[in-house]
Structure formats: C-alpha cells, structure tokens
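Coordinate inspection notes
Given next are the chains, with one letter for each unit.
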Amino acid sequence: MISLRDIPECFEGVIPAMMTTCSLEGEPNITEISQVHLVDDRHVALSHQFFNKTQRNVRENPSASVLMLSPQTYEQYRLQLRFDHPESEGPLFDEMAARLQVIASHTGMCGVFRLLSADVYEVLSTEQIQGFLLPPDPRLDPPQRVPGRLEAMGRELRSLQAISSRVNRAGCLEVLLESVLQALDEELGFRHSMVLLPDERGRLVTTASHGYGSGGVGAEVPIGEGLIGTVATRRRPMRVAGVGAELRYWRTIRAELQHAGKAPAAPEIPLPGLPDAQAQLGLPLLVGDRLVGVLALESRTAMAFDAWTETFLDILANQIALGIDRAASADDEGEQLPPDVVGQGATGAPVPRTRVFQLFRNDDCIFVDGEYLIRNIPAKILWKLLRANSANGRTEFSNRELRLDDSLGLPEVRDNLESRLILLRKRLEEKCPEVQIRPVRRGRFELQIRCGVRLRESDSA
C-alpha cells in the first residue's frame with residue numbers, strides 16, 4: 001500500500017481528481033472534485049459544494065473511489081474510501097473554505113458557491129494504476145539526476161543565510177524590500193515577487209515588486225479578497241497551484257449562470273502581477289500578532305511552490321517582518337545614509353516644460369497632466385511639498401515635520417511613513433521623473449524639480 005505522504009503533489013489541486021460513488025440501487029455517479037485535502041496518514045477530506053447526487057450516494061452507501069494524477073509524473077493513483085463524517089466548522093473546514101474563496105473572489109463568485117462541508121473519508125487503500133503510462137522511449141536521453149533532499153536543503157540554508165544578511169545590513173526600508181526581492185530571484189530562482197504593506201483604508205498597497213517591470217508598485221488589494229487579502233486576514237501562509245485551471249473552472253460556472261440569468265453581481269477581480277500565473281504563494285509578515293505586510297510570489301510553473309517551500313519561506317518572512325518593523329521604527333534624524341540608499345538623484349539640465357499637478361480635495365487624489373498619479377496620505381504629502389516649494393523655494397524636508405502635521409492624517413501609532421514615501425517616490429519616477437524625492441540622510445529628504453510646476457485644486461474629479 002502506497003503512503004499518502006509519498007504523493008503530496010497529488011493534493012495540490014493542479015489536476016482535478018475524479019470521484020466515483022454508487023447508489024444502493026447500483027447507479028454509479030462520477031464527478032470532478034475541487035479539493036482532495038490530506039488530513040493525516042489514513043484520512044482525506046473532500047470538498048462538498050453542490051454535488052447533491054454524490055452526497056445522496058455516500059449517505060446511502062459510504063464507499064467511494066477517487067482517481068488522482070501526479071502533475072509531475074502523470075502517474076495515476078486510486079484511493080478507496082469510506083465516508084466517515086462531515087465538518088462544517090473548525091480548522092479543517094476553515095482552511096478548505098479559504099482556498100475555495102481565494103479563487104471565487106477573483107471571479108466574482110464569493111457567496112454564490114461556498115463550501116458546505118469538508119467531508120472526511122477513511123482511506124482503505126491507495127494503489128498506483130499500472131500500465132496507465134507508456135514505457136519510456138529508449139531512444140531518448142536518460143533523465144538528468146534530481147538533486148537529493150539533503151543537497152537541496154544545503155543550498156536553501158545558504159540562501160537563507162544570504163537573504164538574512166541582506167535584511168540585517170539594509171540601511172532603510174526601501175533598500176531592505178528591494179534587496180530581499182532581488183535575493184529571492186538570485187538565490188532561490190523566484191522571478192516574480194512583491195511586498196504589500198497595509199494602509200489606513202483597509203487595503204494592501206504594493207510597495208516593492210520584482211519581475212513585473214515599472215508598473216508593479218502602487219497596485220492595491222482589499223484585505224480579505226483574493227489570495228493576498230485572505231493571507232492578511234487569516235495571518236497564515238497560503239498557496240494555490242494550478243491557478244489557471246481553477247480560474248477556467250469558475251469562469252465556466254459563471255458563464256453558465258449568466259446564460260441562465262443568475263449571474264452574480266460582483267465583478268471579476270483581476271489577479272495582481274502575472275496575468276498567466278499558474279501558482280501563487282502568500283506569506284503574512286507578522287511581528288507578534290500585528291500584520292506589517294504580505295510577501296507574495298507567483299510563477300508560471302504550476303508546482304513551483306510546495307509544502308517545503310512554504311515552510312522555508314515562512315521562516316524568511318518572519319525575518320523580513322522584523323526588518324520592516326525595525327526600519328519603520330528608526331529614529332527620525334540620524335547618520336548619513338550609504339550611497340546605495342541616497343542614489344544619484346536628478347541629473348541633467350532642467351526640462352523646458354511645465355507639469356500640471358491637480359489635487360482633488362474631496363478624494364485626496366493628485367493627477368499630473370490629466371493622468372492619475374497618487375491618492376490618500378502620499379498625495380497629501382506631495383501636495384505639502386509642492387506648495388512649500390512654490391511658496392518659498394524650499395527643497396529639504398524631514399520625517400519629523402510630516403509626523404507633526406495633523407492635516408496629513410497620519411495615524412498616531414505605526415504610521416508607516418517610510419512606506420508611504422517609498423510609494424510616492426516610485427510613482428513619481430514612473431509618472432513624472434522630472435520631480436523626484438531623494439533621501440539625503442536618515443529622516444531627511446530632498447525635493448528635486450527639473451521642470452516648471454503649476455498647481456491646481458478642485459473639490460472632486
């Protein structure tokens with residue numbers, strides 16, 4: 001008998017499992033199962049959403065059979081099951097329901113289909129289906145050696161040491177975030193990653209990203225929605241494999257509902273980052289029970305993240321969280337920053353053009369030349385700087401004076417000022433490079449303007 005622990009990839013949901021049940025009258029029923037969850041060595045839990053015939057069958061006849069495929073080798077396994085009990089609350093139910101709602105929220109299907117119960121089955125036997133795959137072709141080159149677990153662990157521990165060292169040496173929050181994401185690529189091969197920090201509106205704002213080009217920073221995710229928002233709510237890591245297949249499945253159901261005139265009112269929420277991501281991993285950045293952010297990774301490979309990866313990166317996430325908290329709590333005024341933090345600043349001759357910045361007061365939103373730039377507290381900060389520069393030519397400012405300005409609306413505790421300045425700096429680099437904010441020493445920064453600036457205000461957009 002094969003151990004369930006020997007086939008963990010089959011429980012990732014990349015390839016849907018097929019479940020067979022039979023009524024007392026002998027009528028069989030076959031259906032796809034959204035989730036087959038590994039409970040322990042002798043039990044699995046199947047998601048019960050809306051398969052009424054399957055439920056009737058297993059209540060009459062508790063025997064069932066599930067066929068699962070490995071997404072790595074395509075070997076097929078048969079599980080002979082006996083229904084044990086349903087769970088409609090508790091940790092198991094919550095974990096399976098959260099995974100279901102992650103995908104449902106992206107397709108606007110939250111609340112339309114929800115997990116009714118996590119049905120727990122005893123596993124009577126597990127067998128590999130022989131003859132399911134063709135024998136290997138002897139004309140092909142032999143497969144390359146796969147590194148052993150100990151060898152892989154050695155590489156990962158060295159990577160952990162290197163990334164931890166970057167966290168410890170970072171001179172400011174911006175360098176910490178960018179160096180960590182770069183190290184995840186260089187050391188571990190995770191090409192696409194982002195860090196999102198919470199703001200005062202109950203949203204997570206992308207403050208640093210790697211692998212998405214210049215447009216990744218500033219994207220927002222409501223807390224509680226999608227994988228990233230759910231990770232923030234549950235304060236626990238989550239991963240989803242086979243994202244593309246899951247989305248196609250839910251979109252098919254949505255299309256059928258639309259055809260029947262029962263379409264949900266909620267719009268589809270686009271996935272942040274890669275439009276063709278096949279795997280996602282989200283890790284909460286916690287200091288105690290306090291959420292300081294979310295680390296999110298994506299891949300075009302369906303099995304890029306497994307249970308070991310999740311555990312390993314969760315250790316790293318704890319260190320990143322402490323680094324973020326330390327950087328945000330640093331003294332306002334301090335020593336000269338290293339060159340890699342200060343940067344080169346604006347270079348070249350002034351640009352012979354005028355940029356029009358318009359503040360919409362009711363929305364706390366700034367547009368530049370008619371194009372959206374930034375909103376909320378970062379927008380208030382920028383407007384304060386531009387008005388001071390326009391009034392008396394002032395260019396240098398301090399974090400302390402921003403914190404003492406009640407009109408900005410910064411929270412009294414944990415104001416995340418550094419993260420807001422990072423977001424503002426990067427949005428300016430992307431949308432208006434003639435206006436820059438450059439740190440000059442800890443707790444102080446400089447406004448650099450290489451063009452004409454005209455300021456306008458109105459009540460609303």
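Just above sits the structure.
This write-up is about the structure you can find in this document. Model, not experiment: these values are computed from the prediction. (Residues numbered from 1 in each chain as written. Predicted model: local features only at pLDDT ≥ 70, side-chain atom pairs only at ≥ 80, totals over all residues. Heavy atoms only, no water.)

**Observations concerning the overall build of the protein chain**
For the protein chain, the count of helices and strands is 11 helices and 20 strands. Looking at the 461 residues of the protein chain, the share that counts as buried comes to 48%. Across the protein chain, the fraction of contacts at a sequence separation of at least 24, relative to all contacts at a separation of at least 6, is 68%. Split by element, the accessible area of the protein chain, about 22500 Å² in all, is 50% carbon and sulfur. (Helix = DSSP H or I, 4+ residues; strand = E, 2+ residues; numbered from the N terminus. Buried < 20%, exposed > 50% of the residue type's maximum accessible area, 1.4 Å probe, protein only. Contact = heavy atoms within 4.5 Å. Areas by Shrake-Rupley, 256 points an atom, 1.4 Å probe, with all protein chains shown as cover.)

**A word on the pattern of salt bridges**
Here the structure, examined in full by the defined rule, presents 32 salt bridges. The salt bridge partner of R427 is E430, with a shortest N-O separation of 3.6 Å. Here E430 and R427 lie together in helix α11 (residues 417-431), a separation of 3 residues that amounts to about one turn. In this structure E430 comes out as partly exposed when scored by relative accessible area, which is 29%. In the salt-bridge network here, residues are joined through shared partners; they are D199, R201, R203 and E220. (Salt bridge = Lys/Arg side-chain N within 4 Å of Asp/Glu carboxyl O.)

**With respect to the packing of aromatic side chains**
Within the structure shown, the criterion is met by 5 aromatic pairs. Ring centres 5.6 Å apart and planes at 50 degrees place the aromatic pair F190 and F305 in the tilted group. One end of the pair, F190, is in the loop between α4 (173-188) and β8 (192-198); the other, F305, is in the loop between β13 (290-299) and α7 (307-328), and 115 residues separate them in sequence. Judged on exposure class, the residue F190 and its partner F305 are both buried. Here F360 and F367 contribute two aromatic rings whose centre-to-centre distance is 5.4 Å and whose plane-to-plane angle is 90 degrees, an arrangement assigned as edge-to-face. (Phe/Tyr/Trp six-rings, centres within 6.5 Å; stacked < 30°, edge-to-face > 60°.)

**Let's talk about the sheet that holds strand β9 (residues 203-210)**
The 6 strands are arranged β10-β9-β8-β13-β12-β11 in an open sheet whose pairing can be described as antiparallel. The open sheet has two free edges, formed respectively by β10 (220-222) and β11 (238-241), since each of these has just one partner strand. Pairs of neighbouring strands in the sheet enclose a mean axial angle of 25 degrees, with direction left out of account. Of the strand pairs in this sheet, β8 and β13 are connected by 5 bridges, and their pairing is antiparallel. (Pairing = 2+ DSSP bridges. Axes fitted to C-alpha atoms, helices over the stretch in contact; angles between N-to-C directions.)

**Topic: the sheet that holds strand β1 (residues 17-22)**
In spatial order, the strands read β2-β1-β5-β6-β7-β4-β3; together these 7 strands make up an open sheet with antiparallel pairing. Only two strands of the sheet have a single neighbouring strand rather than two, namely β2 (28-33) and β3 (36-40). When the angles between neighbouring strand axes are averaged without regard to direction, this sheet yields 35 degrees. Direction of pairing for β3 relative to strand β4 (residues 43-48): antiparallel, over a ladder of 4 bridges. Counted as the bridge partner of V36 is L46 from β4.

**Points about the pairing of strand β12 (residues 279-287)**
Taking burial as the measure, the 9 residues of β12 include 9 buried ones, the bulk of the element. Here β11 pairs with β12 via 4 bridges, running antiparallel. Its bridge partner lying in β12, R239 is registered against L281. Across 9 bridges, β12 lies against β13 in antiparallel orientation.

**Comments concerning a nonpolar patch on the surface**
Together, Y74, F132 and L133 make up an exposed nonpolar region whose accessible area comes to about 300 Å². Structurally, the position occupied by F132 is in the loop between β7 (117-128) and α3 (149-169). Overall, the relative accessible area of 38% leaves F132 in the partly exposed class. (Patch = residues over 30% accessible without salt bridge, like charges linked within 9 Å, V, L, I, M, F, W, Y side chains within 5 Å.)

**A closer look at the nonpolar core**
Membership of the largest hydrophobic core comes to 35 residues, with the highest contact counts inside it found for L184, L285, L295, L297, L313, I320 and I324. Those elements giving two or more residues to this core turn out to be α3, α4, β8, β12, β13 and α7. When neighbours within four sequence positions are excluded, I320 is seen to be in contact with V167, L176, V180, L285 and L295. I374, L382, C432 and F445 belong to the second-largest nonpolar core, a separate cluster that totals 31 residues. (Core = buried A, V, L, I, M, F, W, Y, C linked by side-chain atoms within 4.5 Å.)

**Some words on the packing of helix α9 (residues 376-392) against α11**
A pair of packed helices is captured by two measures, namely the crossing angle of their axes and the spacing between those axes. It is at 9 Å that the axes of α9 and α11 come closest, and there the two elements cross at 70 degrees. Classed by the angle they form, the pair α9 and α11 counts as roughly perpendicular. Contact residues: α9 offers I377, P378, I381 and L382, while α11 offers L417, R420, L421, L423, L424 and L428. Residue composition of the contact of α9 with α11, by class: 9 nonpolar, no polar and 1 charged. (Parallel < 35°, antiparallel > 145°, perpendicular 65-115°, else oblique. Nonpolar A, V, L, I, M, F, W, Y, C, P; charged D, E, K, R; others polar.)

**A look at helix α5 (residues 226-234)**
Of all 9 residues in α5, 7 are buried, a share of seventy percent or more. Along α5, the residues classified as buried are G226, L227, I228, G229, T230, V231 and A232. The first or second residue beyond α5 is R235, which carries a positive phi of 60 degrees.

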